[in-house]
Protein chains: 2
Amino acid sequence: MRATVMYGAGDVRVEQVPDPVLIEPTDAIVRITRSCICGSDLWPYKHMKPDPHGRRMGHEFIGVVEETGSDVHRVSRGDVVVAPFMYCDNTCDFCKEGLHTSCRRGGAWGMDGVDGGQGEAVRSPLADGTLVTLPVAADDPLMPSLLTLSDVLCTGHHAVVTSRVEKGSTVAVIGDGAVGLCGVLAARRAGAERILLLGHHRERTDLGRAFGATDVVVERGDEAVAHVRELTGGDGAHSVLECVGLVEAYRTALGITRPGGAVGRVGVPQYETAPLGRDVFRNNITVSGGVAPARAYIEELMPDILEGRIEPGRVFDMTVDLDGVPQGYRAMNERRALKVLITP
Amino acid sequence: MRATVMYGAGDVRVEQVPDPVLIEPTDAIVRITRSCICGSDLWPYKHMKPDPHGRRMGHEFIGVVEETGSDVHRVSRGDVVVAPFMYCDNTCDFCKEGLHTSCRRGGAWGMDGVDGGQGEAVRSPLADGTLVTLPVAADDPLMPSLLTLSDVLCTGHHAVVTSRVEKGSTVAVIGDGAVGLCGVLAARRAGAERILLLGHHRERTDLGRAFGATDVVVERGDEAVAHVRELTGGDGAHSVLECVGLVEAYRTALGITRPGGAVGRVGVPQYETAPLGRDVFRNNITVSGGVAPARAYIEELMPDILEGRIEPGRVFDMTVDLDGVPQGYRAMNERRALKVLITP
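Model, not experiment: these values are computed from the prediction.

A.B. asks: Help me out: how do you make sense of the interface of chain A and chain B in this one?
C.D. replies: Often, the extent of an interface is quoted as the loss of accessible area upon association of its parts. Between chain A and chain B, the residue contacts involve 39 residues of the former and 39 residues of the latter. When the area that chain A buries against chain B is broken down by residue, the three leading residues are A:L276, A:F281 and A:N284, summing to 24%. At the surface where chain A touches chain B, the tally comes to 26 residue pairs in polar contact (both at pLDDT 80 or more). The residue inventory of the side of chain A that touches chain B, partitioned by class, reads 16 nonpolar, 14 polar and nine charged. As defined by bridge partners, strand β16 (residues 273–275) of chain A adjoins strand β16 (residues 273–275) of chain B across three bridges and the pair is classed as antiparallel. In the strand pairing of β16(B), A:T273 is matched with B:P275.

Structure follows, in structure tokens:
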């Protein structure tokens, strides 16, 4: 089959790789019908050192089950399924606590002999735990929105959960990428009264407004902090969703969090140390978040998509086939595309 | 009257200062009957730059109300009261949310013309909001335990709340000072099943065991992390109470927190930046805590003392009068005393 392999910064190729076959009795083979490129794929696209073996890419996909191992009982041939961005058994203690990203048997797509999602098919380990059946056909118009259950919608929701958004909250969202915009959607869904979106790409913040942002803050750094403070009577926001991952964004997050409030970090941190001193302490600011246990949220969020209450698929503004994947990376990296859908 | 003034590192004096008088109608004058020295007083005792004006010390006290302003209605002359370590109005939005340390009109003892607790008397601003009446006489044998409501017991409890200890939790407590030991007590009170105390002063960890610690870890740094991991099946503790404030203690806290768990920091951080990178993110570790809103907890914790269920006053192992305060500082700083009670 054909799949996407990254060999170094800027070097993404679509090439022949071995067809997936069942290895474990808990495996399933899934023919991919929709996939996409993640903002987090851009970190290696910018910085990966050359690697002659390459790295299989993609961790968000929907597909049709083609074959199942002897110990797979919850999904079967022909099912249309969505996968969370890490596979898991959904039975261990961590999964039961809703922390599927720390599953004792789970792991990441594209590593350790497991296929990536940006290809024609994957072998899904732990199929019963990982794959969630969608009650629609593979070509349903809701596919873009349902695909966000793989990652970005659940990641935005995780920021909402960990930053403790509740009915009536004032929320600030840092970052107008797909995760930030899904964070806006998730915050509105959780009953936030006021949602301040920090971003400076007009077409993206416009979508943010359509998703529920009540205010847009286009400044950066100290000026952004001052503007948010002004908009919140000097106090800052109860909940701040940090959807970027740069230390500057984290600094801004601290600067706009109300005393007693929380920062939910869902942008993968591109730093090892960060401010955590007396200001944070005196103001009782909680720093939470992390890699989103998407599997824990899929069933909760799916009805809102199926019943038309939210339309997160609007974050996709470019579609490519497998041949177009390298162009897709380029477009996202140059910010010509917000998020790229792949139809293999 | 006489009160304690610090003029620089190691330079603590007890000297004549002006008698407190009512200034605002919301003030009360409180004659102090019990006070104490806090672990946090040792930071300036070690590092304060010489200051010819000096700094009034003490933020934990019990006393008898002597005089009240015209707008004080909840406490009256003769009441025995305990004060939280910051004063507050108990009516603003932050106080209503339980974050009295961010009170819109509140502040700290010993600053801005407000007396410190290590003296004969104080003017208490916002007396109705700040002072909590004790239903016992000023010389009741429970006084040492009731005095911990000013700070250390509430601070340990705040670590328990912010690190999300619940029934059945595995908890690790870093630090065998008075706050750490009160953290053990508060964790047991909250239903923790297993309480690992990290400390290496035998007489203190023995008291920790009496307070409910099930295991004592005497190692430091990486060895402490390895030992806690071994004791917890490799996973670490759900909740970690960081009761020291040094970056090394915070590092240890991260190393022993179970994925999805939380660190409650209540030791005043002696650092500005700290590790907060990919390990924290991948494991969804929450960093919470801060300066404890003692006022929020006093009424909740007091019955456990009055009814004899907990005896946090056991942290006091030395008693001095006002003249003995400089010796008390020295003894605590040299770790000859765990916590020093002052009977003015």
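So that's the structure; there's more coming.
A.B. asks: Would you explain the packing of helix α5 (residues 152–162) of chain B against helix α11 (residues 294–306) of chain B in this entry?
C.D. replies: When two helices pack together, their arrangement is captured by the angle between the axes and the distance separating the axes. Residue and element names in this part refer to chain B. At a closest axis distance of 10 Å, the pairing of α5 and α11 adopts a crossing angle of 105 degrees. In terms of orientation, α5 lies roughly perpendicular with respect to α11. When α5 is examined against α11, the residues L153, C154, H157, H158 and V161 are found in contact with a partner set consisting of A294, Y297, I298, E300, L301 and I305. Considering only residue class, the contact of α5 with α11 consists of eight nonpolar, two polar and one charged.

A.B. asks: Quick question: what am I supposed to make of the sheet that holds strand β1 (residues 2–8) of chain A here?
C.D. replies: Pairing between sheet strands relies on hydrogen bonds along the backbone, with the strands arranged either parallel or antiparallel. Residue and element names in this part refer to chain A. Read across the sheet, three strands follow the order β2-β1-β4 without closing on themselves; strand pairing throughout is antiparallel. The open sheet has two edge strands with one neighbour each: β2 (11–16) and β4 (55–56). In this structure, β1 lies alongside β2, joined through six bridges in antiparallel fashion. Bridge pairing in β2 places R2 opposite Q16. Packed on one face of the sheet, helix α12 (residues 325–333) meets β1 and β2 and runs near 160 degrees to β2.

A.B. asks: Explain the packing of aromatic side chains here, please?
C.D. replies: Here a ring pair, both rings aromatic, is described through the centre-centre distance and the interplanar angle of the planes. Overall, the coordinates contain eight aromatic pairs over all chains when judged by the stated rule. With a centroid separation of 5.0 Å and 75 degrees between ring planes, the pair formed by A:F61 and A:W109 is classed as edge-to-face. Residue A:F61 is located in strand β5 (residues 61–68), and its partner A:W109 is located in the loop between β8 (107–108) and β9 (121–124); the two are separated by 48 residues in the primary sequence. Each member of the pair, A:F61 as well as A:W109, carries the same accessibility label: buried. Measuring from ring centre to ring centre gives 6.0 Å for B:Y250 and B:Y271, while their planes differ by 35 degrees; the resulting arrangement is tilted. Placement of the pair is B:Y250 in helix α9 (residues 247–255) and B:Y271 in the loop between β15 (257–265) and β16, with a sequence separation of 21 residues. Accessibility expressed as a relative area gives 7% for B:Y271, which makes it buried. In this structure an aromatic cluster arises from ring pairing among A:F61, A:Y87 and A:W109. Lying over the aromatic face of A:Y7, A:R13 brings its terminal NZ or CZ to 3.9 Å of the ring centre.

A.B. asks: When you look at the environment of B:D89 in this model, what are you seeing that I'm missing?
C.D. replies: Residues and elements named next belong to chain B. For D89, the location among the structural elements is in the loop between β7 (86–87) and α2 (93–96). Along the backbone, D89 and L131 are 42 residues apart, and their C-alpha atoms lie at a distance of 9.9 Å. Apart from residues lying up to four places away in sequence, D89 is in contact with C95, C103, R105, L126 and G129. Polar contacts involving the side chain of D89 include one to the main-chain amide nitrogen of T91, which spans 2.9 Å. A polar contact is formed between the side chain of D89 and the side chain of R105, at a distance of 3.4 Å.

A.B. asks: Sorry if this is basic, but what is going on with the UniProt feature "domain: Alcohol dehydrogenase-like N-terminal" (unreviewed entry) in chain A here?
C.D. replies: Under the UniProt annotation, the feature "domain: Alcohol dehydrogenase-like N-terminal" (unreviewed entry) is placed at residues 25–125 of chain A. This span, residues 25–125 of chain A, is 10% helix and 31% strand, and a straight line between its end C-alpha atoms measures 9 Å.

A.B. asks: Got a minute to help me understand the packing of helix α6 (residues 178–189) of chain A against helix α7 (residues 202–211) of chain A in this structure?
C.D. replies: Residues and elements named next belong to chain A. For the pair α6 and α7, interaxial distance at closest approach is 9 Å and the crossing angle is 15 degrees. In terms of axis orientation, α6 runs roughly parallel to α7. Seen from above, α6 lies across α7 with right-handed handedness. Taking contact as the criterion, the partners of L181, V184, L185 and R188 in α6 are, on α7, R204, L207, G208, A210 and F211.

A.B. asks: Looking at this structure, I do not really get the pairing of strand β3 (residues 28–36) of chain B. What am I missing?
C.D. replies: Residue and element names in this part refer to chain B. Taken across its nine residues, β3 has eight buried, putting it largely inside the fold. As judged from the four bridges shared by β3 and strand β9 (residues 121–124), these two strands associate in the antiparallel manner. By the bridge assignment, R31 is partnered in β9 with A121. Where β3 meets strand β19 (residues 340–342), two bridges bridge the pair, whose relative direction is antiparallel. Paired with S35 across the strands is I342, a residue of β19.

Rules and cut-offs
Residues numbered from 1 in each chain as written. Chains lettered and ligands numbered in written order. Predicted model: local features only at pLDDT ≥ 70, side-chain atom pairs only at ≥ 80, totals over all residues. Heavy atoms only, no water. Contact = heavy atoms within 4.5 Å. Buried area = accessible area lost by both parts, 1.4 Å probe. Polar contact = N/O pair within 3.5 Å; in protein donor to acceptor, adjacent residues only side chain to side chain. Nonpolar A, V, L, I, M, F, W, Y, C, P; charged D, E, K, R; others polar. Pairing = 2+ DSSP bridges. Helix = DSSP H or I, 4+ residues; strand = E, 2+ residues; numbered from the N terminus. Axes fitted to C-alpha atoms, helices over the stretch in contact; angles between N-to-C directions. Parallel < 35°, antiparallel > 145°, perpendicular 65-115°, else oblique. Phe/Tyr/Trp six-rings, centres within 6.5 Å; stacked < 30°, edge-to-face > 60°. Buried < 20%, exposed > 50% of the residue type's maximum accessible area, 1.4 Å probe, protein only. Lys NZ or Arg CZ within 6 Å of the ring centre and 35° of its normal. UniProt positions renumbered as here; feature names shortened; annotations may be inferred. Left-handed = near helix turned anticlockwise from the far one by under 90°.

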